[in-house]
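Listed below are the residues making up each chain.
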Amino acid sequence: MPAAAAAVLGTALAGCAPGSASSEGSVHGGEASLVLPDLGAVTVLGSVSGRLLLGLGLVVCVLGLAFGVATYVQLRRLPVHAAMREISELIYSTCRTYLTRQGRFLVVLWVFIAAVIVVYYRALVGFEWGRVATIIAFSLLGIAGSYAVAWFGIRVNTLANSRTAFASLAGRPLPVHRIPMQSGMSIGMVLISLELLMMLVILLFLPADVAGACFIGFAVGESLGASALRIAGGIFTKIADIGSDLMKIVFKIKEDDARNPGVIADCTGDNAGDSVGPSADGFETYGVTGVALVTFVLLAVDDPLMQATLLVWLFVVRAVMVIASAVSYLANDAWTRRRYAAAERMDFEKPLTSLVWLTSVVSIALTYLTTWAVLGHLDGVGDGLWWKVATIISCGTLAGALIPELVKVFTSTNSRHVREVVTSSREGGPSLNILSGLVAGNISAYWLGMTVVALMGGAFLISEQGLDQVMVAPAVFAFGLVAFGFLGMGPVTIAVDSYGPVTDNAQSVYELSLVEELPGAAEQIEAEHGFAPRWEPAKRMLEENDGAGNTFKATAKPVLIGTAVVGATTMIFSIIMALTEGLTTGLDNLSLLHPPFLLGLVTGGAMIFWFTGASIQAVTTGAYRAVEFIKANIHLDGSERASEADSRRVVEICTQYAQRGMLTMFLAIFFATLAFAFVEPFFFIGYLVSIAVFGLYQAIFMANAGGAWDNAKKIVEVDLHAKGTALHDATIVGDTVGDPYKDTSSVALNPVIKFTTLFGLLAVELAVSLTGDGRGTLVHVLAGVFFVTSAVFVYRSFYGMRIGGAPAGEEDPAEPEPEEPAEPGATAGGVLPRQGGAGAGADDAGTLVDAEGR
């Protein structure tokens, strides 16, 4: 399908290319034609060259990569029981299989994007083959970067999970905290350092006239990689999670029962969704925000020396913030070790909270110091430019610490909202549990939305204080800097997000290893490691730490979606600059009085709500198939653990539905972007604004509602010790509703918004250039073709994924032919009853039962 679509596009453009490169009204490559100023002309502190400062930034990146690699080596050397290592390596093996398949899938999608790039830049714009090849190569490099950090993330996390599980046996909480924190910081430093290194290489070592092409290609590749890995990972992890969790209700077994073939898939999903996805997403977010700011500076600032100075300043501040994160982590780790060295219990959230706030304070202080050093000599330009832009960035950096605090109000195990979910579940069961979670998500959207508005409003007011002497549209630059500040503590934001999958996996590794039941295990551990294992305190600490991990996984999501939305304004500005010839004409089209603009605003909401529904549908169908398989193949009598073959089969089911769902949704989004860009340029501007705003609130609502449901279950399990009760069952149901909310739909909106906006830059330029060449009719015909194609995939996202339809090549099991009549109250194979089916799957009290009445 991708190749066919590219061929259709190429055919449609055939014949219009040769003359278009030089003809009047044609485009000239947009952002890909931007030329960097001479960075060597910048001097700071009297005599220090701008290029030298950026060279020092390269050194910081290398040190950051070294930090990550050193931490990886340390994790490998930590002690671990053989049974636990065996489980973590099995998890890594299934993760590796998943990532390999995703890599092949990404290559197919990249071929599609590359074909469009060739058609546009070579056939229409008329770039020479060398420049086109550069754009394509850097798009591949962007994908490779997202893919590489995702791979590094799962390797580090799957080392850390078994080491954390083993460390808990000593009965001390400090190492149970430090190991996930080390692994998370390792991923954060490698991710940010690698991305910054790639961008600095473009700035310093490539010709100035090809840098724009490199940046655009790199950003498109990053965005494609993140979109595919985030969407597929989110679907995968929640299929596995729901399939595994429902077994606790049906068979009354424990959370990570080794006999459940869905548990390994659940552990794989923790990495596919909560490690691979966020790593690729964070890599893309950091890169695309940087590209947006570089593009803005080159478009909105006239003076080449000022352009160069601002670019040097932006990347020096980025490098300094990497240092701030590393210093803050080391200082916080030293304080944590001193505070909890001999402690028997600890609040696992406290050191994570102190790390976030310490990093924010240090980053803000270094931002002011660095900005004064680089821009302080420009006091005659813009009247105090240095402190204004430093303050604007600090608004975003403050948000990076303030937003997690607000998220904890709605998702922490200590939150009144989460405890309300538990309280309502006591008498109201799953129904009131779900309603209370929806309340938490909705109210959280209000408070977080108002916080974002306040910080952006503050940045806007500062931008009004003379920045218009330096650039056009200073408010847009201010919004981009707020997004820049959001990412200032990037390594720490990624670290606390990656903390969660390690703590979740550690608990599972402990249970799956069956270490307590191994003959002579306690004696062996005491002889080899010098301590007697404390089984019960170990399990309690792992559960408590998992609750902290759940909370801080939730805190990172609004930071990333907020960055996407705030940063999208800067990218949208690039399109507006092109459409209005530098804000000199057609500004009345950016008004509600211009009908296409208003219609675009309405259309964006429709796409956001379709996407969240389609992503949940993929999870629902996949989870149904997983449950169907698990229930038919789980052996609770005479077996200690599920077979590896059955576990891998569940992973295959999750992968199959993740890829099917991701491909369908990606193609719908891709063709919708082309269609709406071709309808009318200002319709498309309204559409981009709309998906950003609708996406912001939808993502916050879903993420925090899901977090509240998740930790309500954790309270019942850890604080109330009520596993196996009706209250526990109610919170499990709520958690399964929240799973795709928080880890599939909400998090995938971030790369979707950025990919649509970034790819839209190319799409709208393509439409405008064709119209300028007198091919307006062709543009509208193509808009119709692309929309119909998108609508086909929108249709298939439900009707091709619904439970009643079997995967290609398989028989539809929806209507089984039993060999003999089923007993009343039973279903074939013990499968959960289908909606509307005649077979009863519940007892008189409404409790789910299996085929044998359990």
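Residues numbered from 1 in each chain as written. Predicted model: local features only at pLDDT ≥ 70, side-chain atom pairs only at ≥ 80, totals over all residues. Heavy atoms only, no water.

### Quick notes on the overall build of the protein
Secondary structure summary: the protein contains 20 helices and two strands in total. Taken across its 854 residues, the protein has 64% of its residues classed as buried. Within the protein, contacts between residues at least 6 apart in sequence are counted, and of these 86% link residues at least 24 apart. Counting only carbon and sulfur atoms, one obtains 62% of the accessible surface of the protein, whose full area is about 28800 Å². (Helix = DSSP H or I, 4+ residues; strand = E, 2+ residues; numbered from the N terminus. Buried < 20%, exposed > 50% of the residue type's maximum accessible area, 1.4 Å probe, protein only. Contact = heavy atoms within 4.5 Å. Areas by Shrake-Rupley, 256 points an atom, 1.4 Å probe, with all protein chains shown as cover.)

### Notes on helix 3 (residues 82-125)
Spanning 44 residues, helix 3 covers 60 Å between terminal C-alpha atoms, matching the ideal 64 Å at 1.5 Å per step. G126 lies just past helix 3 and shows a positive phi near 90°. (Expected span 1.5 Å × (residues − 1).)

### Re the pattern of salt bridges
Any two side chains of opposite charge can pair, on the condition that their charged atoms come close. Considering all chains together, one arrives at 37 salt bridges under this definition. Across the salt bridge formed by D245 and K248, the nearest N and O atoms sit 3.4 Å from each other. In this pair, D245 and K248 both sit in helix 6 (residues 211-251), three residues apart, roughly one turn of the helix. You can call K248 buried: its relative accessible area is 4%. Among the ionic pairs, D333 bridges to R337, the shortest N-O distance being 3.1 Å. On the criterion of helical spacing, the pair formed by D333 and R337 is a turn pair, its members being four residues apart in helix 8 (residues 304-340). For D333, a relative accessible area of 11% corresponds to the buried category. (Salt bridge = Lys/Arg side-chain N within 4 Å of Asp/Glu carboxyl O.)

### Thoughts on the packing of helix 7 (residues 262-300) against helix 8
Two elements in contact, helix 7 and helix 8, have axes whose closest approach is 9 Å; the angle formed by their N-to-C orientations is 160°. In terms of orientation, helix 7 lies roughly antiparallel with respect to helix 8. Handedness of the crossing formed by helix 7 with helix 8: right-handed. The segment helix 7 lies against helix 8, with Y286, T289, G290, L293, V294, V297 and L298 engaging Q307, L310, L311, L314, F315 and R318. (Axes fitted to C-alpha atoms, helices over the stretch in contact; angles between N-to-C directions. Parallel < 35°, antiparallel > 145°, perpendicular 65-115°, else oblique. Left-handed = near helix turned anticlockwise from the far one by under 90°.)

### Some points on the side chain of T289
Within the fold, T289 resides in helix 7. The class of T289 is buried, set by a relative accessible area of 6%. Those residues within four positions of T289 in sequence are excluded, and the remaining contacts are R318, G480, A483, F484, L487 and T563.

### Quick look at the nonpolar core
Judged by nonpolar contacts, the single largest core of 285 residues is most densely connected at Y121, W313, F670 and F678. At 24 residues, the largest contribution of residues to this core is made by helix 6. (Core = buried A, V, L, I, M, F, W, Y, C linked by side-chain atoms within 4.5 Å.)

### Quick look at the packing of aromatic side chains
Under the defined criterion, the tally for this structure stands at 29 aromatic pairs. Ring plane angle 80° and centroid distance 5.0 Å describe the contact between Y446 and W447, whose orientation is recorded as edge-to-face. The exposure class of Y446 is partly exposed, given its relative accessible area of 45%. Joined through ring pairs, the aromatic side chains of F666, F670, F671, F678, F755, F759, F786 and F793 make up one cluster. (Phe/Tyr/Trp six-rings, centres within 6.5 Å; stacked < 30°, edge-to-face > 60°.)

### Observations regarding the confidence of the model for the protein
With 90% of its residues at a pLDDT of 70 or more, the protein has an overall mean of 85. Between residues 1-28, whose pLDDT stays under 50, and residues either more than four places distant or in other chains, the model counts 47 contacts. Confidence drops under pLDDT 50 across residues 805-854; counting only partners more than four residues distant or on other chains, this segment forms 59 contacts. (pLDDT = per-residue confidence, 0-100.)

### Comments concerning the environment of G55
Along the chain, the position of G55 falls in helix 2 (residues 50-77). On the basis of relative accessible area, G55 is assigned to the partly exposed category, the value being 25%. For the pair G55 and V316, spaced 261 residues apart in sequence, the C-alpha to C-alpha distance is 9.5 Å.

### As for the packing of helix 2 against helix 8
Closest axis-to-axis distance for the helix 2/helix 8 pair is 9 Å, and the angle between their directions is 30°. As judged from the angle between their axes, helix 2 and helix 8 are roughly parallel. Helix 2 and helix 8 meet at a crossing whose hand is left-handed. Along the contact surface, helix 2 presents G50, L53, L54, G57, V60 and F67, while helix 8 presents V312, F315, V316, A319, V322, I323 and Y329. Split into classes, the residues belonging to the contact of helix 2 with helix 8 amount to 11 nonpolar, two polar and no charged. (Nonpolar A, V, L, I, M, F, W, Y, C, P; charged D, E, K, R; others polar.)

### Thoughts on a nonpolar patch on the surface
There is a patch of nonpolar side chains on the surface, built from V439, I443, Y446, W447 and M450 and spanning about 490 Å² of accessible area. Mapped onto the fold, M450 is located in helix 11 (residues 416-463). For M450, a relative accessible area of 45% translates into the label partly exposed. (Patch = residues over 30% accessible without salt bridge, like charges linked within 9 Å, V, L, I, M, F, W, Y side chains within 5 Å.)

### Focus: the environment of L53
By secondary structure assignment, the location of L53 is in helix 2. Separated by 262 residues in sequence, L53 and F315 have C-alpha atoms that sit 9.1 Å apart. Once you skip the residues sitting within four places of it in the chain, L53 turns out to touch V44, V48, V312, V316 and V374.

### Thoughts on the environment of F215
With respect to the element layout, F215 can be found in helix 6. The buried category is assigned to F215, whose relative accessible area is 3%. If we ignore the near neighbours within four places in the chain, the residues touching F215 are M199, I202, L203, V291 and V294.

### A word on unusual backbone geometry
The backbone of A473 shows a phi angle near 50°, a positive value even though the residue is not glycine. For A473, a relative accessible area of 22% gives the class partly exposed.

### Looking at the state of the cysteines
Between two cysteines, a covalent bond joining their sulfur atoms is known as a disulfide. Within the structure shown, the criterion is met by zero disulfides. Not part of a disulfide, C95 finds its nearest cysteine sulfur in C267, a span of 8.8 Å. (Disulfide = S-S within 2.5 Å.)

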